[in-house]
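# Understanding the architecture of this molecule
Letter by letter, the chains look like this.
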Amino acid sequence: MDIIIGLTVKEGTIIATSKAATRGISILKDNDDKTRQLNSHNLIAYTGESGDTVQFAEYIQANIQLSTMRENEIELSPKAVASFVRNQLATSIRSRKPYQVNALIGGYDTKTQKPSLSWVDYLGTYVELPYGAHGYSAFYCTSLFDKHYRKDMTIDEGLKLLQMCVDELNRRMPIDFKGVYVKIVDAEGIRQIDFN
Amino acid sequence: MSRRYDSRTTIFSPEGRLYQVEYAQEAIGMAGTAIGVLSPLEGVVLACEKRVTSKLLDNDGSTEKCYVINDKLVCAVAGMTADASILINTARVHSQHYLKEYDEDIPIETLIKRVCDIKQGYTQHGGLRPFGVSFLYAGYDDRYNFQLFTSNPSGNYSGWKATSIGANLSASQTLLKKDYKDDISLGDACKLAIKVLSKTMDTSNVTKDKLEFATLSKLKSGKVMYKIWSEDEIDELIKVSGVLDDADLGDDE
Amino acid sequence: MSDPSSINGGAAVAMVGKDCVAIASDLRLGNQSLGVSNNFEKVFQFGDKTFLGLTGLASDVTTLSQVFRLKTNLYKLREERSIEPQTFANLVSSTLYEKRFGPYFIGPIVAGLDSKTDKPFICGFDLIGCIDFAKDFIVSGTASDQLYGMCESLYEPNLEPEDLFETISQALLNAVDRDALSGWGCVVYVITKDRVVKRVLRTRQD
């Protein structure tokens, strides 16, 4: 029931994740951050089996950071990062105990100056999307995105559209997800913004 | 003195030298010269001297000293070709595995580092001789654009604007240092390469069957692609560059 | 429902014409009933005139397209020529059979022209690599039943490239419209002796 949604706008990628950490019928935490920073222009947001999620995200984080160190501080592009994550999940799905993790990777390619959003699921399915979400939130949000999304939106317009999605989720989701953390990946790097 | 220490790759001599590695480099010093010249904006050229030329040799068009590792990386070999083919194959496989994992071409230096790690291993682990090859790499990636590297049996590698491997190393490098300009065009780089090569080759006249050329450059579409030159193209360059005239002059001097 | 080969949906078809072949796929990638992407091509080029269509589990589609890119790139460096459709078909077959007891959930189809004879070649496979040679057409994916119907009724032998394009497009378009898991755009390659033409078809987006 965790919520992760993302959209690319003209200058960057916006990622939103719910703050609630739930287990069964209880909310354990209302300030859970379901993202990890991979390098200065790549952010992974994840949902799935608790335990697997953080373990996997931090494993990816460690590997991407190792690669940055080995490559003399030159960082992997969003496409390379997403492809690496996909391959890890595609290998994992055929192992004895696969990671049950779905992810969105928000990136900004400093070479081509293009934002990107990568949708990756636990099977190793990977697509580049203008907007996307995982889990139940996808059912509520994709229709809103289909209707209102434009390629040339500004970050502010993107945030307005995101607000519509969060409002809709607040209205329709059966449990309180305690609001969302919103992060933006753009030319400047990754930053969290106030959102409510 | 050296007798006691030169038979094993893994043992330092009292002077702190690894004799097997030095012998390997010695062997390369006798191989045909390969010259690389970088034109930072337009591309890289590799020019090689072929030693094995015989009318009876039937190589079916495949090259002897220039090898393609991927679309954006070619290399020239000096030393034992048999050793080289092992490393070239590993480089090709590494490059394709990186492409599979990251959906992007492997950065040039990353690949060279990997090949050099293998070379280095044979200077440290016992029982085996080092790879008797030096490489000249001409590559392109979106980090540093066109690049020229060399590597030697010790596993060291370095980046260059213009350099050479194989026989007459110091002579050719002096010539390159004299005539290289930072804003050299690819065409001029080719001419420079063949000029230097013609002066350092043992034979008095250069002919197309003694040469191998490979270039890496941007196509009109902006795509970077290698080219292994045909004999006719080399012949054309020999004529245009005027090295034949120079050779005559050289005889007169 | 949890059948791996119909989670993501998708369809592909190949046809033989007169001195030409065509191969086409839809562009949809979904998660069960939810459409996720309308830009997921399932046709890949591995030689000058060698093409592979891959339907089924999207994760395996991507994995295999990468594996075959690796293998054909190394093949090209070794052999100093690009791979022939016949050869590639055998490569696909043996690669799939390697995973006999834990297969990739895909339905591959190969189409191409032989570089020497310019003879058309098409074939299909089951998920463990059994080759299905055909003279006329090969279908694959969640809309394969519909594609069989369309191809049986529209196909005729010895079509010129333009007519073959029209036939394969209509076959695919009308087949995917009767399949909830396929559609969302199509891509068609027509391969003739001296060129390869790629066309992207706009279709209904529902």
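Residues numbered from 1 in each chain as written. Chains lettered and ligands numbered in written order. Predicted model: local features only at pLDDT ≥ 70, side-chain atom pairs only at ≥ 80, totals over all residues. Heavy atoms only, no water.

- Where an unreviewed UniProt entry is consulted, chain C appears under the name Proteasome subunit beta, with the organism given as Scheffersomyces spartinae.
- Quoted verbatim from the Function (unreviewed entry) field of the UniProt record, the comment on chain C reads "Component of the proteasome, a multicatalytic proteinase complex which is characterized by its ability to cleave peptides with Arg, Phe, Tyr, Leu, and Glu adjacent to the leaving group at neutral or slightly basic pH. The proteasome has an ATP-dependent proteolytic activity." (UniProt positions renumbered as here; feature names shortened; annotations may be inferred.)

- Per an unreviewed UniProt entry, the recorded name for chain A is Proteasome subunit beta, and the organism is Scheffersomyces spartinae.
- Turning to chain A, the UniProt record has this under Function (unreviewed entry): "Component of the proteasome, a multicatalytic proteinase complex which is characterized by its ability to cleave peptides with Arg, Phe, Tyr, Leu, and Glu adjacent to the leaving group at neutral or slightly basic pH. The proteasome has an ATP-dependent proteolytic activity."

### Focus on the overall build of chain A
- The helix and strand inventory of chain A stands at four helices and 12 strands.
- For chain A, the C-alpha radius of gyration of 16 Å lies close to 16 Å, the compact-globule estimate for 196 residues.
- With the principal axes as the frame, chain A shows a C-alpha extent of 45 × 40 × 25 Å.
- Relative to its 196 residues, chain A shows a buried fraction of 56%.
- Within chain A, counting contacts between residues at least 6 apart in sequence, those at least 24 apart form 62% of the total.
- Element-wise, carbon and sulfur atoms account for 47% of the exposed surface of chain A, whose accessible area totals about 9200 Å².
- Charged side chains in chain A number 23 positive and 24 negative. The centres of these two groups are separated by 4 Å. (Helix = DSSP H or I, 4+ residues; strand = E, 2+ residues; numbered from the N terminus. Rg over C-alpha atoms; globule rule 2.2 N^0.38 Å. Buried < 20%, exposed > 50% of the residue type's maximum accessible area, 1.4 Å probe, protein only. Contact = heavy atoms within 4.5 Å. Areas by Shrake-Rupley, 256 points an atom, 1.4 Å probe, with all protein chains shown as cover. Lys, Arg positive; Asp, Glu negative; His and termini not counted. Charge placed at Lys NZ, Arg CZ, Asp CG, Glu CD.)

### As for the pairing of strand E2 (residues 43-49) of chain B
Residue and element names in this part refer to chain B.
- For E2, a buried count of seven out of seven residues is recorded, marking the element as mostly surrounded by other parts of the structure.
- Where burial is concerned, the two faces of E2 agree: the one with Gly43, Val45, Ala47 and Glu49 and the one with Val44, Leu46 and Cys48 are both buried.
- In this structure, strand E1 (residues 34-39) lies alongside E2, joined through six bridges in antiparallel fashion. Considered in E2, the bridge of Ile35 is made with Ala47.
- Adjacent in sequence and paired antiparallel, E1 and E2 are bridged by three residues.
- As judged from the seven bridges shared by E2 and strand E9 (residues 211-218), these two strands associate in the antiparallel manner. Paired with Ala47 across the two strands is Phe213, which belongs to E9. (Pairing = 2+ DSSP bridges.)

### Focus: the nonpolar core
All names here are of chain B.
- Val37, Val45, Leu46, Leu211 and Phe213 are the most contacted members of the largest nonpolar core, which has 50 residues in total.
- No other element matches helix H5 (residues 186-200), which puts eight residues into this core.
- When residues no more than four places from it in sequence are discounted, the contact partners of Val37 are Gly43, Val44, Val45, Leu148, Lys161, Ala162, Leu176, Tyr180, Ala189, Leu192 and Ala193. (Core = buried A, V, L, I, M, F, W, Y, C linked by side-chain atoms within 4.5 Å.)

### Focus on the interface of chain A and chain C
- Between chain A and chain C, the contact holds 16 residues from the first and 19 residues from the second.
- A buried area of about 1200 Å², summed over both sides, lies between chain A and chain C, and 57% of it is on carbon and sulfur atoms.
- The largest per-residue losses of area from chain A upon contact with chain C belong to Arg86, Arg94 and Leu123 of chain A, which jointly make up 40% of the total buried on that side.
- One can count one salt bridge joining chain A with chain C.
- Residue Arg94 of chain A is joined to Asp60 of chain C by a salt bridge in which the shortest nitrogen-to-oxygen separation is 2.5 Å.
- Put simply, chain A and chain C have six residue pairs in polar contact (both at pLDDT 80 or more) between them.
- Listing elements by their share of the side of chain A that touches chain C, those giving two or more residues are helix H2 (78-92), strand E9 (126-128) and helix H3 (136-148) of chain A.
- If you tally residues by element for the side of chain A that touches chain C, the top one is H2 of chain A, at four residues. (Buried area = accessible area lost by both parts, 1.4 Å probe. Salt bridge = Lys/Arg side-chain N within 4 Å of Asp/Glu carboxyl O. Polar contact = N/O pair within 3.5 Å; in protein donor to acceptor, adjacent residues only side chain to side chain.)

### Quick look at the pattern of salt bridges
Residues and elements named next belong to chain B.
- Applying the stated rule across the entire model yields 29 salt bridges over all chains.
- The closest approach of N and O atoms between Glu212 and Lys50, which form a salt bridge, is 4.0 Å. Remark: Lys50 occurs in the loop between E2 and strand E3 (66-70) and Glu212 occurs in strand E9; sequence separation between them is 162 residues. Neither residue differs from the other here; Glu212 and Lys50 are each classed as buried.
- Lys178 is the partner of Asp179 in a salt bridge, and the nearest nitrogen-oxygen pair spans 3.8 Å.
- For Asp179, a relative accessible area of 33% corresponds to the partly exposed category.

### Description of the sheet that holds strand E8 (residues 120-125) of chain C
All names here are of chain C.
- In spatial order, the strands read E5-E6-E7-E8-E9; together these five strands make up an open sheet with antiparallel pairing. At either end of the open sheet lies a strand with only one pairing partner, and these are strand E5 (43-47) and strand E9 (131-133). Direction aside, neighbouring strands of the sheet carry axes that sit 25 degrees apart on average.
- In this sheet, E9 lies alongside E8 in antiparallel orientation, the contact comprising three bridges. Considered in E9, the bridge of Phe125 is made with Ile131.
- On the sheet, helix H1 (residues 58-79) packs against E5, strand E6 (50-56) and strand E7 (106-113) and is oriented at approximately 155 degrees with respect to E6.
- In the packing of helix H2 (residues 85-97) onto the sheet, contacts are made with E5, E6, E7, E8 and E9, and the angle to E7 comes to roughly 165 degrees. (Axes fitted to C-alpha atoms, helices over the stretch in contact; angles between N-to-C directions.)

### Thoughts on a nonpolar patch on the surface
Residues and elements named next belong to chain A.
- Residues Met1, Tyr136, Phe139 and Ile175 make up a contiguous nonpolar surface patch of roughly 440 Å² in combined accessible area.
- Locating Phe139 in the fold gives a position in helix H3.
- Look at Phe139 and you get partly exposed, because its relative accessible area is 49%. (Patch = residues over 30% accessible without salt bridge, like charges linked within 9 Å, V, L, I, M, F, W, Y side chains within 5 Å.)

### What about the packing of H5 of chain B against helix H6 (residues 231-241) of chain B?
Residues and elements named next belong to chain B.
- Two elements in contact, H5 and H6, have axes whose closest approach is 10 Å; the angle formed by their N-to-C orientations is 85 degrees. Classified by the angle their axes make, H5 and H6 are roughly perpendicular. Residues Cys190, Lys191, Ile194 and Lys195 of H5 form the contact with H6, whose own contacting residues are Leu237, Ile238, Val240 and Ser241.
- Of the residues assigned to the contact of H5 with H6, the class counts are five nonpolar, one polar and two charged. (Parallel < 35°, antiparallel > 145°, perpendicular 65-115°, else oblique. Nonpolar A, V, L, I, M, F, W, Y, C, P; charged D, E, K, R; others polar.)

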